Amino acid sequence: LEMTGQMQVNLDREPINLSARLNASRIDLERLFPTEISSQEPASEAVGTEQSERLFTDDPFPTDIFEPFESINAEVEFSVAKLIVDPETLVTNLQARIQAAPNLLRFKPFSLEIMGADVNGNLQLAPARSGLGVQSVFSVRHPSIGDLVVDNDTRSLQGGPLSMQV
């Protein structure tokens, strides 16, 4: 892991102000967090089970993710040419601007390429009465999507074109 860039931190008052621009040519999450990723159970290959049909659980999302940001205002722009999530998942051309403040975490804008698709959008997380408030707008464009094809340990979607706004 090699990151380059600039960072400024103002410690004179609360909340602490931090701004940064960071760049990396390659980040391998398996090497950074080997026990977390390798200890996870493999995804079920079963199709049509109730578990595989659910996108979200009934459990509320924990709001303690905001605790580190209680005394900081941060704006970080970063880009990563290759982000290796696991042996089968490669994210390329990841770019994002992250804003963090008490009770707010915003990715605006973000863009990335994954499995041949271009993904662009905005994401904001903030505490809400019932747990976590999520606001998101994103687009997914893929020139050819359809079947999941595995070739030499690389997964890709193949078929017709896809253009989706969510």
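This text goes with the structure placed above it.
Presented here is a report on the structure given in the accompanying data block. Quick caveat: nothing in here was measured; it's all calculated off a predicted structure. (Residues numbered from 1 in each chain as written. Predicted model: local features only at pLDDT ≥ 70, side-chain atom pairs only at ≥ 80, totals over all residues. Heavy atoms only, no water.)

Description of the pairing of strand β1 (residues 3-10)
Across the 8 residues that make up β1, only a small minority, 0, are buried. Inspection of the sheet shows β1 paired to strand β2 (residues 16-28) by 8 bridges, in the antiparallel sense. Residue pairing for β2: Met 3 is matched across the bridge by Ala 24. Here β1 folds back onto β2 in antiparallel fashion, the turn holding 5 residues. (Buried < 20%, exposed > 50% of the residue type's maximum accessible area, 1.4 Å probe, protein only. Helix = DSSP H or I, 4+ residues; strand = E, 2+ residues; numbered from the N terminus. Pairing = 2+ DSSP bridges.)

Re the environment of Ser 156
With respect to the secondary-structure elements, Ser 156 resides in strand β8 (residues 154-165). You can call Ser 156 partly exposed: its relative accessible area is 21%.

Some words on the pattern of salt bridges
Close approach of charged atoms lets side chains of opposite charge pair. Taken as a whole and assessed by the stated rule, the structure comprises 3 salt bridges. The salt bridge partner of Glu 77 is Arg 21, with a shortest N-O separation of 3.8 Å. Linking Glu 77 in strand β3 (residues 72-86) with Arg 21 in strand β2, this pair joins segments that are 56 residues apart in sequence. Judged by its relative accessible area of 30%, Glu 77 is partly exposed. (Salt bridge = Lys/Arg side-chain N within 4 Å of Asp/Glu carboxyl O.)

Some details on the pairing of β3
The pairing of β2 with β3 spans 12 bridges and is parallel. For Leu 22, the partnering residue across the bridge sits in β3 and is Phe 78. Examined bridge by bridge, β3 and strand β4 (residues 89-101) share 11 bridges and lie antiparallel to one another. Bridge assignment links Ala 74 to a residue of β4, and that residue is Ala 100. Two successive antiparallel strands, β3 and β4, enclose a turn made up of 2 residues.

Overview of the side chain of Gln 99
Structurally, Gln 99 can be placed in strand β4. Accessibility expressed as a relative area gives 15% for Gln 99, which makes it buried. Only 3.4 Å separates the side chain of Gln 99 from the side chain of Glu 75, close enough to count as a polar contact. When near neighbours in sequence (up to four residues on either side) are disregarded, Gln 99 contacts Ala 74, Glu 75, Leu 104, Leu 105 and Arg 106. (Polar contact = N/O pair within 3.5 Å; in protein donor to acceptor, adjacent residues only side chain to side chain. Contact = heavy atoms within 4.5 Å.)

Considering the nonpolar core
Formed by 24 residues in total, the largest nonpolar core has its most connected members in Leu 18, Phe 78, Val 80, Leu 83, Leu 94, Leu 105 and Leu 112. The element that contributes the greatest number of residues to this core is β3, accounting for 6 residues. Those residues in contact with Leu 112 that sit more than four places away from it in its chain are Val 91, Thr 92, Asn 93, Leu 94, Ala 117, Asp 118 and Val 119. (Core = buried A, V, L, I, M, F, W, Y, C linked by side-chain atoms within 4.5 Å.)

Digging into the layout of surface pockets
Reported here for the second largest pocket is a volume of approximately 370 Å³. For the second largest pocket, the lining is made up of 16 residues, of which Leu 94, Phe 110, Leu 112, Val 119 and Leu 123 are closest to its centre. Listing elements by their share of the lining of the second largest pocket, those giving two or more residues are β3, β4, β5 (104-114), β6 (117-128) and β7 (131-151). Within the lining of the second largest pocket, the residues separate by chemical class into 15 nonpolar, 1 polar and no charged. (1 Å grid on protein atoms, 1.4 Å probe; cavity = no way out; pocket = protein on both sides within 12 Å on 5 of 7 lines; lining within 4 Å. Points joined across faces, edges and corners; volume = space filled by probe spheres on them. Nonpolar A, V, L, I, M, F, W, Y, C, P; charged D, E, K, R; others polar.)

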